[in-house]
Amino acid sequence: MTSTLSSEYILVVDDVPANLKAIVQTLTDEGYEVSTAISGERALKQISYDLPDLILLDIQMPGIDGFETCKRLKENPETKHIPVIFMTSLSDSESIVKGFTLGAVDYITKPFQAVEVLARVKTHIHLEQLRKNLEKEVANKTNELTQALEQLKITFKTQLIKTEKMSEIGELMAGIANELNHPIGSIHSNSYHMETYIKNLLQHLSLYQQNYPNPVAEIIKSAEDIDLDFISQDLPNMITAMMASSERIKYLSSSLRTFGKKASFQIHENIDHTLLILNHRLKANQYHPAIEVVKKYGDLPKIECFPGQLNQVFMNLISHAIDAINEFGKKIGFSHFKVEPKIIIQTLMNQDKTKVIIIIKDNGVGMSEEARRTVFDQVVNNKTVAKGTGLGLSITHKIVVENHHGKLCCESALNQGSEFILELPIE
């Protein structure tokens with residue numbers, strides 16, 4: 001047999017020595033690095049200090065069976081992406097469906113056929129490598145953009161604090177928006193190419209299955225049982241994430257270009273757009289469950305304002321609410337949330353219909369009285385407010401009060417959340 005000289009590491013879990021010997025021989029002859037475990041308990045312990053690229057997992061084992069082992073692997077953030085292929089003599093559809101539901105990517109029936117084992121292993125190793133490469137590229141692009149944006153934010157904030165002339169700020173923002181066009185184009189271009197590559201790969205996999213030499217009944221049935229929809233949906237999601245990132249930068253770039261220009265402004269549309277951009281931050285993470293956004297919109301007219309600046313206000317205030325919930329989750333732990341994390345956004349008119357009022361309330365970590373009094377100061381200790389939002393709130397206050405002749409105040413109590421109340425004149 002010709003060796004692939006692969007460096008991929010595969011863990012085989014089975015309580016039957018004869019099965020282990022046969023599988024290990026087949027994989028090592030092909031050039032894979034292989035280790036074994038004779039139980040689910042030993043496999044979990046071994047994986048905790050040496051992560052494999054793929055796991056072949058027997059279902060029927062004493063102690064922790066294959067289903068429970070797979071479940072624990074998929075619940076662990078460090079191991080949830082490792083492809084798991086079940087090895088089983090069970091052929092009933094209920095067991096097969098249960099395996100896929102728990103997160104397995106494929107299954108192999110006993111007794112094993114070496115050609116079938118290698119074909120399935122190679123396919124899923126290839127798909128996993130593609131997933132890792134895509135994830136790495138997205139991370140690199142995100143890091144590059146983050147660094148670029150951080151540098152631009154520093155430049156912007158420094159200029160904003162030092163100058164009182166909004167015309168100069170408008171020119172600065174237009175220049176920044178122009179510079180952002182280059183990374184946006186790179187992300188868009190790569191996204192389209194990646195989408196094509198993924199489609200081609202899945203089509204190639206489909207052709208391989210159709211033309212597999214000497215097909216047996218199990219393989220024909222496998223073509224129906226394998227969850228190709230999961231694969232075809234999971235990989236394109238990464239492309240969707242890249243596209244969403246570029247859309248966010250586009251939106252920010254557009255806001256920057258209109259930063260110093262006054263225009264008619266629809267508050268609800270722009271709040272919704274901000275929420276769309278921040279949607280990825282509202283999802284559940286290791287610190288908190290998914291954040292619910294409750295919108296209580298009143299009947300508001302359009303207002304005359306600087307749209308780019310007010311979009312920045314909404315971005316800063318809603319980001320602050322998310323950060324506050326995130327910090328609260330770090331403080332008390334995910335499992336100790338007594339109520340679901342929530343952000344309430346309410347809009348209404350004042351009694352004489354001359355101002356619009358926007359209230360953004362969260363049930364996050366809150367602030368002490370001392371922190372609340374200084375929350376809009378330019379020089380602020382970031383430990384007193386949600387991480388990383390101190391200077392952003394100072395800029396927000398300046399935009400509202402100095403540039404729009406409005407009001408911005410904060411009510412908060414430690415561990416009880418915060419409420420920001422924004423008043424803006426209609427004209």
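None of the values given here were measured: they were computed from a predicted structure. (Residues numbered from 1 in each chain as written. Predicted model: local features only at pLDDT ≥ 70, side-chain atom pairs only at ≥ 80, totals over all residues. Heavy atoms only, no water.)

1. Some words on the overall build of the protein
Part 1: Helix and strand counts for the protein stand at 13 helices and 12 strands.
Part 2: Burial statistics for the protein: of 427 residues in total, 45% are counted as buried.
Part 3: Sequence separation of at least 24 residues holds for 72% of the intrachain contacts in the protein that already meet a minimum separation of 6.
Part 4: About 22200 Å² of surface is accessible on the protein, with carbon and sulfur atoms providing 52% of the total. (Helix = DSSP H or I, 4+ residues; strand = E, 2+ residues; numbered from the N terminus. Buried < 20%, exposed > 50% of the residue type's maximum accessible area, 1.4 Å probe, protein only. Contact = heavy atoms within 4.5 Å. Areas by Shrake-Rupley, 256 points an atom, 1.4 Å probe, with all protein chains shown as cover.)

2. Considering the nonpolar core
Part 1: If you look at the biggest cluster of nonpolar residues, it comprises 46 residues, and the most contacted ones within it are I267, I303 and I343.
Part 2: At 11 residues, the largest contribution of residues to this core is made by helix α11 (residues 307-332).
Part 3: Not counting residues within four places of it along the chain, the set of residues in contact with I343 comprises L282, I291, E292, V293, V294, I318, A321, I322, I325, I360, K361 and D362.
Part 4: The next biggest cluster of nonpolar side chains, apart from the first, holds 19 residues, and it includes L11, A37, I59 and V84. (Core = buried A, V, L, I, M, F, W, Y, C linked by side-chain atoms within 4.5 Å.)

3. Some thoughts on the packing of helix α9 (residues 267-277) against α11
Part 1: The geometry of α9 relative to α11 is characterised by a closest axis approach of 10 Å and an angle of 50° between their N-to-C directions. On the basis of their axis angle, the class for α9 and α11 is oblique. Read as a crossing pair, α9 and α11 show a hand that is right-handed. Touching I267, N270, I271, T274, L275 and I277 of α9 are N311, F314, M315 and I318, all from α11. (Axes fitted to C-alpha atoms, helices over the stretch in contact; angles between N-to-C directions. Parallel < 35°, antiparallel > 145°, perpendicular 65-115°, else oblique. Left-handed = near helix turned anticlockwise from the far one by under 90°.)

4. Let's talk about empty space enclosed by the protein
Gaps between atoms show up when a probe of the same size as a water molecule is rolled over them.
Part 1: If you walk through the whole model with that rule in mind, you get 3 cavities of 30 Å³ or more.
Part 2: Of the volumes computed, that of the second largest cavity is approximately 70 Å³.
Part 3: For the lining of the second largest cavity, the elements supplying multiple residues, two or more each, are β4 (84-88), α4 (93-102) and β5 (106-109).
Part 4: The leading source of residues in the lining of the second largest cavity is α4, at 4 residues.
Part 5: For the lining of the second largest cavity, the residue count by class is 7 nonpolar, 3 polar and 1 charged. (1 Å grid on protein atoms, 1.4 Å probe; cavity = no way out; pocket = protein on both sides within 12 Å on 5 of 7 lines; lining within 4 Å. Points joined across faces, edges and corners; volume = space filled by probe spheres on them. Nonpolar A, V, L, I, M, F, W, Y, C, P; charged D, E, K, R; others polar.)

5. A closer look at the pattern of salt bridges
Part 1: The tally for this structure, following the rule as stated, stands at 16 salt bridges.
Part 2: Of the charged contacts in the structure, one is a salt bridge between K110 and D14, with a shortest N-O distance of 3.3 Å. Taken together, the residues K110 in the loop between β5 and α5 (114-162) and D14 in the loop between β1 (9-13) and α1 (17-29) connect sequence positions 96 residues apart.
Part 3: Since its relative accessible area comes to 22%, K110 is described here as partly exposed. (Salt bridge = Lys/Arg side-chain N within 4 Å of Asp/Glu carboxyl O.)

6. Some words on the environment of D50
Part 1: Along the chain, the position of D50 falls in the loop between α2 (40-49) and β3 (54-58).
Part 2: Spatially, the C-alpha atoms of D50 and Y9 are 9.5 Å apart, while their sequence positions differ by 41 residues.

7. Concerning the pairing of strand β2 (residues 33-37)
Part 1: Two strands pair when backbone bridges link them, and β1 and β2 are joined in this way by 5 bridges, in the parallel orientation. Within the sheet, the bridge partner assigned to I10 lies in β2 and is V34.
Part 2: Between β1 and its parallel partner β2, the chain crosses via α1, and the hand of that crossover is right-handed. (Pairing = 2+ DSSP bridges. Right-handed = clockwise from strand over helix to strand, strands pointing away.)

8. Some details on unusual backbone geometry
Part 1: Along the chain, K110 connects to P111 via a cis peptide bond; the corresponding omega equals 0°.
Part 2: Considering the arrangement of structural elements, one finds P111 in the loop between β5 and α5.
Part 3: Here the phi dihedral of K353 falls at roughly 60°; this positive angle occurs in a residue that is not glycine.
Part 4: Mapped onto the elements of the fold, K353 is located in the loop between β9 (342-349) and β10 (355-362).
Part 5: Of the residues examined, K353 reaches a relative accessible area of 55% and is grouped as exposed.
Part 6: Although it is not a glycine, N415 sits at a positive phi angle of roughly 65°.
Part 7: For N415, the location among the structural elements is in the loop between β11 (407-412) and β12 (418-425).

9. Here's the deal with the confidence of the model for the protein
Part 1: Put simply, the protein has an average pLDDT of 81, and 78% of its residues get 70 or more.
Part 2: pLDDT under 50 marks residues 1-5. Its contacts with residues more than four places away, or in other chains, come to 12 contacts. (pLDDT = per-residue confidence, 0-100.)

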